[in-house]
Amino acid sequence: MKFLAHKQEICDGCRKCEEACSQLYFKTTDRNYSAIRINNNFNTYHAKKCTQCGECINMCTANAIYRDRNGVVRIDKKLCVGCMGCVGFCTELVMFYNDDQPTPFKCVACGACVKACPKHALEILVSQA
Amino acid sequence: MAEILKEYNYTPAKLHRGYANKSLYINVGDLSIIEKEVTQWMKDKFVGGKGFDLWYLWNAVTPETKWDSPENEIVMSAGPLGALTQYSGTGKTLVASISPMTGIPIDSNAGGYFGPLLKLSGWDALELQGKADKDVVIFIDGNKGIIRFEEGEEYPEDTHLLAEILTERFAENEDDKVNVAVVCTGSAAKTGYMGMLNFSFYDPRRKTCRYKQAARGGLGTILRDKKIKALVVRFKGVTGNLNDVADLATINRIGIKYHKQMHDLDEKQNRMRTIGTANTVMVMNKYDLLPTRNFQTGGDPETYRIAPEVFVNQFLTQGLHDGCWYGCTMSCAKCADNFLLTSGPYAGTRVTVDGPEYECVAGLGSNLGIFDPQAILEENFYCDTYGIDLISFATAMAFVMECVQRGQVTREQLGGLDLRFGNKDAVLELMHLMSRGEGFGKIAGLGIRRLKKIFVEEFGADEQLLNDIGMENKGLEYSEYCHKESLAQQGGFAMTNKGPQHDEAWLIFMDMVNNQIPTFEDKAYALFYYPMFRTWFGLCGLCKLPWNDIVPADNYKTDVPAKVPEHVQNYVDIFNAVTGMSIDKDELIRQSERVYNFQRVFNLRMGHGKRDEDYPPYRSCGPVSEEEYLSRQELYDKQLVEKQGLDPEKMTLTEKIAATRAYRMDQYEQLMDAVYKRRGWTMNGVPTPEHLKEIGMDLPMLLEVVEPHL
């Protein structure tokens, strides 16, 4: 299972990752459109992003969330009805949405943020789970 | 392929702020179609959903119209909040017609996808009038703008076959099946008055149709009388804002907050996601509320055998597609897969059984003395596929079984059926007879009111006893709550517009479990507020369960926890966010009052709807028999002392039963006075012209009806 990992001890909170993500998927630098969010907790930086746990898959009332062959949890935008149930049900609070978007969005471990991180604080890992 | 009888093309209206602003009239007699405008006046007075249903029905019928008159209509509407996806329970279809059970308007509602997809196809409401010569299937394609009539004779009658076939028939491919919804009934709908409507939704995980029911009052019977085999709607492309709402951000915000409450609290509260409505069975048993053997007692030592855990552990499949409309994270529609049937025409086949819901376990289980989960699921399946209103059937058969118990009818008079409490085989056999229209099955579905008449007139049964133990009011069977100790719920059932059901007033937990309405005044107020509040769900296309089957963690700190103030505000805010209006919680109640009083006047117009029809059978209010009194003697004796100042030691059992009855019926009379006053009605139960004016319903057509009764 592919997932994005964050090295908290290296991250300096520059948020280049957020910018890379929102730019790639929504052509904006607004961090509200990023699927990774860096939070500053007394100068320790915590990354909120999907762990690919997949709890949202079965709860989706439109059967629109699935795990791809790399183990990444994805939303099928053609099936998603924008109910936002997964947003409310995500234990990690990492299913994101914006009111001008018809469907929620999440980290799909694409690695765009990894390349953008000047400190190499992000990496794509593969677990056996 | 079935013969196409007629095809009509239309331009599907785009929704705006919750309305399509159009309704569809279909006459199945001559296959005529009229597209009607939905006016601002209609929205102001009736909001939508059940309000629109009743308005169209009023205009279609006369005081002489019977349920099987060609002019009687089945009207369906989803309501302005219907087809939202962000808040739980926004997929209801409200259905109304003149009922064969009661002779007055019935309204019943169901989940499933039909109503929302109908609305997204451009129709705020659908009127079905007339009678076809031969079975017809009506298909509406909301993407292509097609209404098509097809011959329906060749299709099977029973729902689990018919809906699957029609879903296959009208879906363009496997993926398209979720976009098709079917309304139909079953083979038993034509032999009695308690035929119900199944509303399908396709479950893509189980790859089968699932069903919710608009069950009450014989709507399926009317559908079959009109020779409508099925209604089918197809709409592809459901998304989060097809309602073109005024304020999507608010709806998203409130919806997500609610979803989070479901996620965080459901397992600690009612476990609706795990068990569904059947979660209450053991609680009801504990509080003496679980109807057992025709409501004689409120529980049984055997109830553990039909406890929720039994179904969850042995039959239900979890974590799948159990919401009956998109976005309902309460997901209470449970399901038993690969269930092996043991009786009837489908014995030996494995089927998917939707349920069991609470009413099923209580009605087809404890109230019939059946404590066998396997039997309950099989009864559940056959009620559904045969199109039988499970509640009316269960309560009516409980009545028949008690008649047998008390020697009022014999096995021979019931066509040889051994309808003793607990005999599951006889109950299933009766369902099969109803399906085939044979033997006692020919009359069993007529309901308690007509069975009482037959038993008295033809079998010489004791009329007084039958009136006491037959749990019907206005011709409709009670739903499954033993409420003898809840005065509020006695009124909640019998002082209703359409007959005793739990759609309008469900005060039993509030009254008896949580003790939230202890005083007489509290109860009278509750019988004003809650029926109005609950009516509003029917106006808007909403399910009531998300209102209070989960509550915010701090709800207990609010001034009126029973109302769940945060959720009431959610509804106010969502209504405004959809429509662009600015109602508050008081106007919400006022919106309901308009329709509630309209329905009351509608009853009057049909020759009913006054005080004399608001009395419950005594079984609803207290112990009819000596055994019942003795089963809770300590409680009843104590009440004689504390409430009436009597000394039970000096009274015979007969005297104690009589004194209890006199006291309780007097209490009921007083409650009725208080409730009528609070509702703005005369002491005869007639809405006053002053009240109609106050709520903005002093319409000449209503004043004309109430005038002679003042």
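This text follows the structure it describes.
Okay, so let's go over this structure. (Residues numbered from 1 in each chain as written. Chains lettered and ligands numbered in written order. Predicted model: local features only at pLDDT ≥ 70, side-chain atom pairs only at ≥ 80, totals over all residues.)

Side note on the overall build of chain B
Scanning chain B from terminus to terminus reveals 27 helices and 17 strands. Its C-alpha atoms give chain B principal-axis dimensions of roughly 80 × 55 × 55 Å. By residue count, 58% of the 710 residues in chain B fall in the buried class. (Helix = DSSP H or I, 4+ residues; strand = E, 2+ residues; numbered from the N terminus. Buried ≥ 20, exposed ≤ 12 C-beta atoms within 10 Å, placed from the backbone.)

Quick notes on the sheet that holds strand 8 (residues 136–141) of chain B
Residues and elements named next belong to chain B. Taken in spatial order, the 7 strands line up as 1-9-8-13-10-11-12 in an open sheet, and their pairing is mixed. Where the open sheet ends on each side, the last strands, each with one partner, are strand 1 (4–9) and strand 12 (208–214). For this sheet, the mean angle separating the axes of adjacent strands, direction not counted, is 20 degrees. As defined by bridge partners, strand 10 (residues 180–184) adjoins strand 13 (residues 228–234) across 5 bridges and the pair is classed as antiparallel. (Pairing = 2+ DSSP bridges. Axes fitted to C-alpha atoms, helices over the stretch in contact; angles between N-to-C directions.)

Some words on the nonpolar core
Residue and element names in this part refer to chain B. Counting 260 residues, the largest nonpolar core has Ala230, Val232, Ile388, Met397, Leu430 and Met431 as its most contacted members. Considering every element that reaches this core, the biggest residue donor is helix 11 (residues 390–405), with 12 residues. Apart from residues lying up to four places away in sequence, Met431 is in contact with Ala188, Tyr382, Cys383, Tyr386 and Ile388. (Core = buried A, V, L, I, M, F, W, Y, C linked by C-beta atoms within 7 Å. Contact = placed C-beta atoms within 7 Å.)

Points about the pairing of strand 1 of chain B
All names here are of chain B. Buried residues are scarce in strand 1, accounting for 0 of its 6 residues. Looking at chain direction, strand 1 and strand 9 (residues 146–151) are connected through 5 bridges and run antiparallel. Residue pairing across strands places Asn9 opposite Ile146, the latter belonging to strand 9.

Looking at the sheet that holds strand 2 (residues 22–27) of chain B
Residues and elements named next belong to chain B. On the basis of which strands lie adjacent, the open sheet formed by 6 strands has the order 3-2-7-4-5-6 and mixed pairing. A strand with exactly one partner marks an edge of an open sheet, and here the two such strands are strand 3 (32–37) and strand 6 (105–110). When the angles between neighbouring strand axes are averaged without regard to direction, this sheet yields 15 degrees. Pairing of strand 2 with strand 7 (residues 125–129), which is carried by 5 bridges, proceeds in the parallel orientation. The residue of strand 7 that forms the bridge with Tyr25 is Glu127. Of the strands in this sheet, strand 4 (74–77), strand 5 (93–98), strand 6 and strand 7 touch helix 2 (residues 50–60), which is tilted by about 25 degrees from strand 5.

Structural notes on the interface of chain B and chain A
Note on interface size: it is often stated as the accessible area lost on association of the parts. Residue-level contacts link 23 residues of chain B with 16 residues of chain A. Per-class residue counts for the side of chain B that touches chain A are 8 nonpolar, 13 polar and 2 charged. (Nonpolar A, V, L, I, M, F, W, Y, C, P; charged D, E, K, R; others polar.)

Thoughts on helix 14 (residues 448–459) of chain B
All names here are of chain B. Along helix 14, the positions that sit buried rather than exposed are Ile448, Leu451, Lys452 and Phe455. Buried positions in helix 14, seen along its axis, are confined to an arc of 105 degrees and lie on one side of it. Turned more than 90 degrees from where helix 14 packs its buried face, Glu457 and Glu458 sit exposed. Turning to helix 14, the residues buried within the fold contact helix 11, helix 13 (441–444), helix 15 (463–469), strand 16 (472–473) and strand 17 (476–477). Immediately downstream of helix 14, the backbone of Gly460 shows phi near 70 degrees, a positive value. (Arc of directions from axis to C-beta.)

So, the packing of helix 11 of chain B against helix 14 of chain B
Residue and element names in this part refer to chain B. Where helix 11 contacts helix 14, the axes come no closer than 10 Å and their chain directions differ by 25 degrees. Judged by the angle between their axes, helix 11 and helix 14 are roughly parallel. Judged by the sense of rotation from one axis to the other, the crossing of helix 11 with helix 14 is right-handed. Contacts between helix 11 and helix 14 involve Thr395, Ala396, Phe399, Val400 and Cys403 from the former and Ile448, Leu451 and Phe455 from the latter. By residue class, the composition of the contact of helix 11 with helix 14 is 7 nonpolar, 1 polar and no charged. (Parallel < 35°, antiparallel > 145°, perpendicular 65-115°, else oblique. Left-handed = near helix turned anticlockwise from the far one by under 90°.)

Observations concerning the pairing of strand 12 of chain B
With 6 of 7 residues buried, strand 12 of chain B lies mostly within the body of the structure. Between strand 11 (residues 197–203) of chain B and the antiparallel strand that follows it, strand 12 of chain B, lie 4 residues; Lys207 of chain B among them carries a positive phi value of about 55 degrees.

As for the environment of Val73 of chain A
All names here are of chain A. Within the secondary structure, Val73 is located in strand 5 (residues 73–75). Judged by local crowding, Val73 falls into the buried class, with 24 C-beta atoms found within 10 Å. Along the primary structure Val73 and Leu93 are separated by 20 residues, whereas in three dimensions their C-alpha atoms are 15 Å apart. Apart from the residues lying within four places of it in its own chain, the contact partners of Val73 are Cys50, Gln52, Gly54, Cys56, Ile57, Ile65 and Arg67.

Looking at unusual backbone geometry
A cis amide bond links Gly355 of chain B to the next residue, Pro356 of chain B, at an omega of 5 degrees. Although it is not a glycine, His120 of chain A adopts a positive phi angle of roughly 55 degrees. Following the sequence through the fold, His120 of chain A ends up in the loop between helix 4 (112–116) and strand 6 (122–126). Although it is not a glycine, Phe295 of chain B sits at a positive phi angle of roughly 65 degrees. Residue placement: Phe295 of chain B occurs in the loop between helix 7 (281–286) and helix 8 (308–314). Residue classification places Phe295 of chain B among the buried positions, given that 27 C-beta atoms sit within 10 Å.

Points about the environment of Phe493 of chain B
All names here are of chain B. With respect to the element layout, Phe493 can be found in helix 16 (residues 487–494). Spatially, the C-alpha atom of Phe493 lies 7.4 Å from that of Tyr478, the residues being 15 residues apart in sequence. Non-local contacts of Phe493, meaning those with residues more than four positions away in its chain, are made with Asn473, Tyr478, Pro500, Pro616 and Ser620.

Focus on the environment of Arg594 of chain B
Residues and elements named next belong to chain B. Of note, Arg594 is situated in helix 21 (residues 585–605). Between the C-alpha atom of Arg594 and that of Arg611, which follows or precedes it by 17 residues, the distance is 20 Å. Ignoring anything within four residues of it in the chain, the contact list for Arg594 reads Lys45, Ile695, Gly696 and Met697.

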